[in-house]
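# Examination of the molecular architecture
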Amino acid sequence: MPPVHSSPYFHMDNPAILSLLRQTTTEKRSKSSSSGGLFKIFKLFPMLTSGCKMVALLGRPRKPLLKDSATTGTLFGYRKGRVSLAIQEDPHCVPMFVIELPIHTASFHKEMASDIVRIALESETRTHKKKVMEEFVWAVYCNGRKIGYSIRRKQMSDDELHVMQLLRGVSMGAGVLPSPNEKETADGELTYIRARFDRVVGSKDSEALYMINPDGVAGPELSIFLVRGQ
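From a predicted model like this one, the values you see are computed outputs, not experimental measurements. (Residues numbered from 1 in each chain as written. Predicted model: local features only at pLDDT ≥ 70, side-chain atom pairs only at ≥ 80, totals over all residues. Heavy atoms only, no water.)

## Some details on the overall build of the chain
Within the chain, the regular secondary structure consists of five helices and ten strands. Taking all contacts inside the chain whose residues are at least 6 apart in sequence as the whole, residues at least 24 apart take part in 66%. (Helix = DSSP H or I, 4+ residues; strand = E, 2+ residues; numbered from the N terminus. Contact = heavy atoms within 4.5 Å.)

What follows is the structure, given as structure tokens:
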């Protein structure tokens, strides 16, 4: 895998992304000490099993553990499958945005080992009648490299519904989830990372999500950008 460039968007010319990066530079410096602690949990994946009881316990609360204006983002997928992204205004609510990314879970975990992980979703639609998150077709970039195209789901798959149900009361965490019907699949274990994000609206054509970690541990940063072509 080629090294991550020091400026992960050197391949992208979209002014909306550059604007979002500029306007949050000061904020991100002040928050850098509180970002990325969740990434360390990924190192524990080989030690976890699909029978993890802690996840089942965390999934039982009927109300969110934390109530604030932060957005909830979940990245999940089978080890031998692809990563899906779900964005929720509240972990107890139906996701407002769900998409399967064109990157395998194993490859995404390797990206997590870098200091900065930036995922960019760029819509080439020229109409501005929809909100950015309402667009369907997206070009997907990971750390500056274009990795393919994805289509936002109108309806969640059974596996995606299964994950949202298990994590309905979880505000943040990472690990392995029981597979549907508690059966192992040929695609391996079902892994996830869930975190709270600062949601920044740059304009009607751009939004960004910056991961928040309240444990005060410095580490890698995860950012998700959604932009519409100019």
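## Points about the nonpolar core
Within the largest apolar cluster, 27 residues are counted, with the highest numbers of intra-cluster contacts made by Leu 75, Leu 85, Phe 97, Leu 101 and Leu 121. Those elements that provide at least two residues to this core are strand E2 (82-88), strand E3 (97-104), strand E4 (116-123), strand E5 (137-142), strand E8 (190-203), strand E9 (206-212) and strand E10 (221-228). Ranked by residues supplied to this core, first place goes to E3 with four residues. Excluding anything up to four places from it in sequence, Leu 121 contacts Leu 85, Phe 97, Leu 101, Trp 138, Ala 139, Val 140, Phe 225, Leu 226 and Val 227. Tyr 78, Met 164, Val 170 and Leu 190 belong to the second-largest nonpolar core, a separate cluster that totals twelve residues. (Core = buried A, V, L, I, M, F, W, Y, C linked by side-chain atoms within 4.5 Å. Buried < 20%, exposed > 50% of the residue type's maximum accessible area, 1.4 Å probe, protein only.)

## Overview of the pattern of salt bridges
Throughout the structure, instances matching the rule amount to seven salt bridges. The partner of Glu 111 in a salt bridge is Arg 145, and the shortest N-O contact between them spans 2.2 Å. Of this pair, Glu 111 sits in helix H4 (residues 105-111) while Arg 145 sits in strand E6 (residues 145-151); the two residues are 34 residues apart in sequence, bridging distant segments of the chain. Like Arg 145, Glu 111 is buried. Measuring nitrogen to oxygen at the nearest pair gives 2.6 Å for the salt bridge that ties Glu 160 to Arg 153. Relative accessible area serves as the criterion here: at 28%, Arg 153 is assigned to the partly exposed category. (Salt bridge = Lys/Arg side-chain N within 4 Å of Asp/Glu carboxyl O.)

## Let's talk about the environment of Arg 199
Structurally, Arg 199 is set in strand E8. In this structure the C-alpha to C-alpha distance between Arg 199 and Glu 89, which are 110 residues apart in sequence, comes to 9.7 Å.

## Here we look at a nonpolar patch on the surface
Where nonpolar side chains cluster on the molecular surface, the patch consists of Val 137, Tyr 149 and Ile 151 and spans about 310 Å² of accessible area. Considering the arrangement of structural elements, one finds Val 137 in strand E5. Residue classification places Val 137 among the partly exposed residues on the basis of a relative accessible area of 45%. (Patch = residues over 30% accessible without salt bridge, like charges linked within 9 Å, V, L, I, M, F, W, Y side chains within 5 Å. Areas by Shrake-Rupley, 256 points an atom, 1.4 Å probe, with all protein chains shown as cover.)

## A closer look at the side chain of Thr 71
Residue placement: Thr 71 occurs in strand E1 (residues 71-78). Given a relative accessible area of 4%, Thr 71 falls into the buried group. For Thr 71, the residues in contact, after removing those within four places along its chain, are Ile 87, Gln 88, Met 96, Ala 195, Arg 196, Phe 197, Arg 199 and Leu 209.

## A word on the pairing of E10
The buried fraction of E10 is high, at eight of eight residues. By the bridge criterion, five bridges tie E9 to E10 in an arrangement that is antiparallel. Its bridge partner being in E10, Leu 209 is matched across the sheet by Ile 224. (Pairing = 2+ DSSP bridges.)

## Overview of the pairing of E4
Within E4, seven of the eight residues are buried, leaving the element largely enclosed by the surrounding structure. Judged from the eight bridges that link them, E4 and E10 form a sheet pairing that is parallel. Bridge pairing in E10 places Ser 123 opposite Arg 228. Across four bridges, E4 lies against E5 in antiparallel orientation. Note on E5: the bridge partner recorded for Ile 119 is Cys 142.

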